[in-house]
Amino acid sequence: MGWALFEQGGLMMYPLTLCSVLALGIAIERGFALRRRAIIRPEIVSVIDNIQGSEDIGLALNVCRQHKGPFSAVMRAGLDNRHLSLEEIRESILDQGRQEMGVLQKGLVVLETVAGVSPLLGLLGTVLGMIKVFQQVSEVGVGQANLLAGGISEAILTTAAGLFIAIPSLVFYNLYSSRAESLILEIEKYANTLLKKLRGFQGSEGG
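Residues numbered from 1 in each chain as written. Predicted model: local features only at pLDDT ≥ 70, side-chain atom pairs only at ≥ 80, totals over all residues. Heavy atoms only, no water.

Attention shifts here to the overall build of the protein. Scanning the protein from N- to C-terminus turns up nine helices and zero strands. The order of α-helices and β-strands along the protein, N terminus first, is α-α-α-α-α-α-α-α-α. A sequence separation of at least 24 residues applies to 75% of the contacts in the protein between residues at least 6 apart. About 11,800 Å² of surface is accessible on the protein, with carbon and sulfur atoms providing 63% of the total. (Helix = DSSP H or I, 4+ residues; strand = E, 2+ residues; numbered from the N terminus. Contact = heavy atoms within 4.5 Å. Areas by Shrake-Rupley, 256 points an atom, 1.4 Å probe, with all protein chains shown as cover.)

Now for the packing of aromatic side chains. By the definition in use, this model includes two aromatic pairs. Ring plane angle 55 degrees and centroid distance 5.5 Å describe the contact between phenylalanine 71 and tyrosine 190, whose orientation is recorded as tilted. Of this pair, phenylalanine 71 sits in helix H6 (residues 70-80) while tyrosine 190 sits in helix H9 (residues 145-206), placing them 119 residues apart in sequence. Under the relative-accessibility criterion, phenylalanine 71 is labelled buried at 0%. In this structure tyrosine 190 comes out as buried when scored by relative accessible area, which is 10%. Ring centres 5.8 Å apart and planes at 20 degrees place the aromatic pair phenylalanine 172 and tyrosine 176 in the stacked group. Taken as a pair, phenylalanine 172 and tyrosine 176 lie in helix H9 at a separation of four residues, close to a single helical turn. Judged by its relative accessible area of 5%, tyrosine 176 falls in the buried class. For lysine 189, the ring lying beneath its charged end belongs to tyrosine 190, and the centroid distance is 4.7 Å. (Phe/Tyr/Trp six-rings, centres within 6.5 Å; stacked < 30°, edge-to-face > 60°. Buried < 20%, exposed > 50% of the residue type's maximum accessible area, 1.4 Å probe, protein only. Lys NZ or Arg CZ within 6 Å of the ring centre and 35° of its normal.)

Helix-helix packing is described using two parameters, namely the angle between the two axes and the distance between the axes. Contact pair helix H4 (residues 42-49) / helix H5 (residues 57-66): the axes reach a minimum separation of 9 Å and the direction vectors enclose 170 degrees. The angle between H4 and H5 falls in the class roughly antiparallel. Contacts between H4 and H5 involve Glu43, Ile44 and Val47 from the first element and Leu59, Ala60, Val63 and Cys64 from the second. When its residues are assigned to classes, the contact of H4 with H5 shows six nonpolar, no polar and one charged. (Axes fitted to C-alpha atoms, helices over the stretch in contact; angles between N-to-C directions. Parallel < 35°, antiparallel > 145°, perpendicular 65-115°, else oblique. Nonpolar A, V, L, I, M, F, W, Y, C, P; charged D, E, K, R; others polar.)

Approximately 290 Å³ is the volume attributed to the largest pocket. Along its surface, the largest pocket is lined by 15 residues, and Ile93, Leu94, Gly97, Ile184 and Glu188 are the ones closest to its centre. Counting residues per element, the ones that place at least two in the lining of the largest pocket are helix H7 (86-104) and H9. With eight residues, the top contributor of residues to the lining of the largest pocket is H7. For the lining of the largest pocket, the class distribution of residues is nine nonpolar, two polar and four charged. Counted as a void, the second largest pocket has a volume near 230 Å³. Ser20, Ala23, Phe164, Ile165 and Pro168 are the residues nearest the centre of the second largest pocket, which is lined by 13 residues in total. (1 Å grid on protein atoms, 1.4 Å probe; cavity = no way out; pocket = protein on both sides within 12 Å on 5 of 7 lines; lining within 4 Å. Points joined across faces, edges and corners; volume = space filled by probe spheres on them.)

Moving on, we come to the side chain of histidine 67. In this fold, histidine 67 is placed in the loop between H5 and H6. A polar contact is formed between the side chain of histidine 67 and the side chain of arginine 41, at a distance of 3.4 Å. Not counting residues within four places of it along the chain, the set of residues in contact with histidine 67 comprises Arg41, Glu43, Ile44 and Ser72. (Polar contact = N/O pair within 3.5 Å; in protein donor to acceptor, adjacent residues only side chain to side chain.)

Bringing H7 into the picture now. A rise of 1.5 Å per residue sets the reference length of H7, with its 19 residues, at 27 Å; its end C-alpha atoms lie 26 Å apart and thus fit the reference within 8%. All of the buried residues in H7 are Leu86, Ile89, Ser92, Ile93, Gln96, Glu100 and Leu104. (Expected span 1.5 Å × (residues − 1).)

Another aspect to go through is the pattern of salt bridges. According to the stated counting rule, one finds seven salt bridges in the structure shown. Glutamate 43 serves as the salt-bridge partner of arginine 41, at 3.7 Å between the closest nitrogen and oxygen. Since its relative accessible area comes to 32%, glutamate 43 is described here as partly exposed. Residue glutamate 87 pairs with arginine 90 through a salt bridge whose shortest N-O separation is 3.0 Å. Of this pair, glutamate 87 and arginine 90 both sit in helix H7, separated by three residues, roughly a single helical turn. Each member of the salt-bridge network shares a partner with another, and the members are Glu91, Asp95 and Arg98. (Salt bridge = Lys/Arg side-chain N within 4 Å of Asp/Glu carboxyl O.)

See the structure below:
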């Protein structure tokens with residue numbers, strides 16, 4: 001039944017199938033990659049919260065090195081540059097944060113593209129199918145109702161397939177974009193906490 005429907009849809013079912021495979025793969029991968037616990041590692045949160053003085057920096061760096069990821073990379077940008085001025089530390093954190101945003105948002109552009117392109121591919125398939133229907137009408141006339149009904153159902157099949165792919169793709173895109181934005185804001189919160197602690201250490205050393 002499934003293969004029969006695929007064949008009825010014609011040539012445009014191939015790019016639609018490719019879109020569906022891409023969307024499914026990215027949705028599964030991002031679902032695992034954007035788990036909060038996988039990004040905001042509790043071990044790093046704990047060590048950042050418990051930094052009391054410059055003597056704790058070494059432990060914090062070791063923990064960040066053990067747990068790779070965007071959160072770790074941003075914290076390390078601040079810790080590695082702790083001897084610079086506060087403004088330079090902030091700039092280092094921002095630069096690293098911009099790079100890690102790309103890691104968190106990886107694949108979402110493709111998911112958005114699939115959500116936008118799939119209905120258009122489906123519509124194109126319908127247009128091509130309707131052209132065939134009109135060619136049949138010109139050849140056999142309008143008296144062959146069964147033939148015309150079959151041709152029309154074949155034509156609209158690609159539109160249904162395109163929507164079937166686009167709707168969940170759009171849902172997953174919005175879901176993961178929102179989750180990535182939330183994680184970015186949380187990383188920013190901990191980066192500000194680290195900055196305040198480093199500023200305090202610099203002030204005490206200066207005094």
